Amino acid sequence: MEYRRWAWVEVDLAAISANVRALKGLTAPGTKFMAVVKADAYGHGAVPVARAAVAAGADWLGVATLEEAVELRQDSVEAPILVMVEPPPSAAPLLIEHGVTPALCTRPFAEALAEAAASSGVSAPFHLKVDTGMNRLGVRAEEAVDFAVWLRDTSDLRMEGVFTHFATAEIPGDWEMGRQLERFVKTVDDLKTERISPGLLHAANSAATILDPATHFDMVRCGISLYGLHPGSATRDQISLMPAMSVKARVSYVKRVQMGEGVSYGFTWRASAPTTVVTLPLGYADGVHRLLSDRMRVLIRGMACTQVGRVCMDQLMVEVPEGLGVSIGDEVILVGEQDEEAISMDEVADGAETINYEMACAFSRRMRREYA
Ligand SMILES: *Cc1c(COP(=O)(O)O)cnc(C)c1O
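Please read all numbers here as calculations on a predicted model, not as lab measurements.

Enquirer: Help me understand the site of the ligand, please; the structure alone is not making it clear to me.
Expert: Neighbouring the ligand are 13 residues; Lys38, Tyr42, Ser206, Ile224 and Tyr357 lie closest to it. One of the side-chain nitrogen or oxygen atoms of lysine 38 is found 2.7 Å away from an oxygen atom of the ligand. Contact between the ligand and glycine 223: an oxygen atom at 2.9 Å from a main-chain N or O atom of the residue. When the ligand is considered free in solution it has 380 Å² of accessible area, and contact with the protein chains removes 93% of it. Looking at the shell around the ligand, the elements that each hand over two or more residues are α2 (38-42) and β10 (219-222). Across the shell around the ligand, the residue classes tally to 6 nonpolar, 4 polar and 3 charged.

Enquirer: How do you make sense of the nonpolar core when you look at a structure like this?
Expert: The tendency in soluble globular proteins is for nonpolar side chains to be buried as a group. Leu72, Leu113, Leu282, Ile300 and Phe363 are the most contacted members of the largest nonpolar core, which totals 125 residues. With 8 residues, helix α7 (residues 141-154) is the largest single contributor of residues to this core. Within the second largest apolar cluster, 8 residues are counted, among which are Val263, Val277, Cys312 and Met317.

Enquirer: When you look at the side chain of serine 225 in this model, what are you seeing that I'm missing?
Expert: Within the fold, serine 225 resides in the loop between β10 and β11 (245-250). For serine 225, a relative accessible area of 0% corresponds to the buried category. Excluding residues within four positions of it along the chain, serine 225 makes contact with Asn19, Leu23, Ser206, Ile210 and Leu241.

Enquirer: Help me understand unusual backbone geometry in this model?
Expert: A negative phi holds for most residues other than glycine; trans holds for most peptide bonds. With phi around 60 degrees, asparagine 135 is a residue other than glycine that occupies positive phi space. The residue phenylalanine 217 is not glycine, and still its phi comes out positive at about 45 degrees. By secondary structure assignment, the location of phenylalanine 217 is in the loop between α9 (206-211) and β10. Among the residues examined, phenylalanine 217 registers a relative accessible area of 26% and is labelled partly exposed.

Enquirer: Looking at this model, I keep getting lost on the pattern of salt bridges. Mind explaining?
Expert: If the charged atoms of two oppositely charged side chains come close together, the side chains can form a pair. The full count for this structure, using the stated rule, is 16 salt bridges. In this structure, glutamate 10 engages lysine 248 in a salt bridge whose closest nitrogen and oxygen atoms are separated by 2.9 Å. Taken together, the positions of glutamate 10 in strand β1 (residues 7-11) and lysine 248 in strand β11 put the pair 238 residues apart, joining distant regions of the chain. The exposure class assigned to lysine 248 is buried, which follows from its relative accessible area of 12%. Salt bridges linked by common partners bring Arg5, Asp286, Asp314 and Arg366 together as one network.

Enquirer: What is the right way to look at the environment of leucine 316 in this model?
Expert: When you line up the elements, leucine 316 lands in strand β18 (residues 316-320). Given the relative accessible area of 0%, leucine 316 is considered buried. With 36 residues separating them in the primary sequence, leucine 316 and leucine 280 have C-alpha atoms 5.4 Å apart.

Enquirer: It is not clear to me how the state of the cysteines should be interpreted in this structure. Could you clarify?
Expert: Put plainly, two cysteines are in a disulfide when a covalent bond ties their sulfur atoms together. Overall, the coordinates contain 0 disulfides when judged by the stated rule. For the unlinked cysteine cysteine 312, the closest cysteine sulfur is that of cysteine 305, found at 18 Å. A relative accessible area of 13% places cysteine 312 in the buried class. Free of any disulfide, cysteine 361 has its nearest neighbouring cysteine sulfur in cysteine 222, separated by 16 Å. Here cysteine 361 falls in the partly exposed class, since its relative accessible area comes to 32%.

Enquirer: Explanation requested: the packing of aromatic side chains in the structure shown.
Expert: Working definition: an aromatic ring pair is given by the centre-to-centre distance plus the angle between the planes. Scanning all chains against the criterion turns up 4 aromatic pairs. Consider the rings of phenylalanine 147 and tryptophan 150, whose centres lie 5.8 Å apart with planes at 25 degrees: the pair is stacked. Here phenylalanine 147 pairs with tryptophan 150, and both are found in helix α7, just 3 residues apart, close to one helical turn. Of the two residues, phenylalanine 147 and tryptophan 150, both sit in the buried class. A network of ring pairs unites the aromatic residues Tyr42, Tyr227 and Tyr357 as a single cluster. One residue, arginine 107, lies across the ring of tryptophan 150, its end atom 4.3 Å from the ring centre.

Enquirer: Mind showing me how you'd approach helix α8 (residues 175-193) here?
Expert: One turn of an α-helix holds 3.6 residues; hence residues three or four places apart share an orientation. Over its 19 residues, α8 extends 27 Å from the first C-alpha to the last, a length consistent with the 27 Å expected when each residue adds 1.5 Å. Restricting attention to buried positions, one finds in α8 the residues Met177, Gln180, Leu181, Phe184, Thr187, Val188 and Leu191. In an axial view of α8, the angular spread of the buried residues amounts to 120 degrees, which keeps them on one side of the axis. Of the residues in α8, the exposed ones pointing more than 90 degrees away from the buried face are Trp175, Glu182, Lys186 and Thr193. Here α8 starts with a cap whose side-chain oxygen sits 3.3 Å from the backbone nitrogen of glutamate 176, and that cap is aspartate 174. Arginine 195 sits one or two positions beyond α8 and adopts a positive phi of about 60 degrees.

Enquirer: Please explain the environment of glycine 262 as it appears in this structure.
Expert: Tracing the chain through its elements places glycine 262 in strand β13 (residues 262-263). The exposure class of glycine 262 is buried, given its relative accessible area of 19%. In sequence terms glycine 262 and serine 240 are 22 residues apart; their C-alpha atoms lie 43 Å from each other. Setting aside residues no more than four positions away along its own chain, glycine 262 makes contact with Phe267, Trp269 and Arg270.

The rules we used
- Residues numbered from 1 in each chain as written.
- Predicted model: local features only at pLDDT ≥ 70, side-chain atom pairs only at ≥ 80, totals over all residues.
- Heavy atoms only, no water.
- Near = heavy atom within 4 Å.
- Polar contact = N/O pair within 3.5 Å; in protein donor to acceptor, adjacent residues only side chain to side chain.
- Areas by Shrake-Rupley, 256 points an atom, 1.4 Å probe, with all protein chains shown as cover.
- Helix = DSSP H or I, 4+ residues; strand = E, 2+ residues; numbered from the N terminus.
- Nonpolar A, V, L, I, M, F, W, Y, C, P; charged D, E, K, R; others polar.
- Core = buried A, V, L, I, M, F, W, Y, C linked by side-chain atoms within 4.5 Å.
- Buried < 20%, exposed > 50% of the residue type's maximum accessible area, 1.4 Å probe, protein only.
- Contact = heavy atoms within 4.5 Å.
- Salt bridge = Lys/Arg side-chain N within 4 Å of Asp/Glu carboxyl O.
- Disulfide = S-S within 2.5 Å.
- Phe/Tyr/Trp six-rings, centres within 6.5 Å; stacked < 30°, edge-to-face > 60°.
- Lys NZ or Arg CZ within 6 Å of the ring centre and 35° of its normal.
- Expected span 1.5 Å × (residues − 1).
- Arc of directions from axis to C-beta.

See the structure below:
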């Protein structure tokens, strides 16, 4: 494939497995592990990542959309799947057909799911999504018990779990996160008082999994850490993770540029002395954000070289030091390691004024994923 296109993404599935084991090592025996593989496994490729995670001990898979769940099922991934965002009511029949568990937090969706379950003669499971303070999605904590009682009294739906999501888990000891946790515990207690069995309780994302065992309950839901990236600076000292994604290219053209000549659209960069500039065949359509123009480094022959001029849609240019002896076809690292040098996803994300989460998702499907 390198021969068809000199720009690609490599994913180290052994790193995914190692990260699953390291993260599971932080939880008590018996705690279930959900591998969050939404957004095509944060750009790493949902099916291969899901398979590797399950083989390494993941019990559940978490996705954001029904399509993501169906893609896994169509590739015969059989692990339990939770669609963590309640889908529209019209999605209910397909959820049942594919044996996928949805998050549930509204009456119209509950009614549609109950109806689809009844017409298929099955009892459909769901996880109740409780909003304990993030104000994104979920039945508000103080209304959760009434909602659950209504569900129990009006449908045959099966409450298989109750969950919430934290807004500030990457800040150790955060007071508002403590409040979210208290509201979650109280909601669960109130459900039990109503003799409603909540099933599987889960709340922790990567940051909470790493920083606060009190949030683990019956299952943790890890996304970013599964890929070897940290959700924030606080977790770095707590666990050693292996980054799974590398972004690579090969030099597609080499040229001499004379003093004063500009490079790329708008000539935002000009050579201050005669120099060598190489071209790489990837650009912002591949996820190398245009904000990275004149702000990123790449590795060539183990040397950090600076990107120069505007990043174009399909190509970008790099100035190489004199005497490096670069030729067409040389391997270039945009994210990853070469010899003793490394460029992290975090460094690239900083340059693009975003977080590693968005950066990893950004590398587009135009670049083939290669698995090692
Ligand atoms: C994305 C997501 C996660 C995973 O979060 P990370 O910070 O990537 O570990 C967990 N739970 C929910 C509900 C999510 O949407």
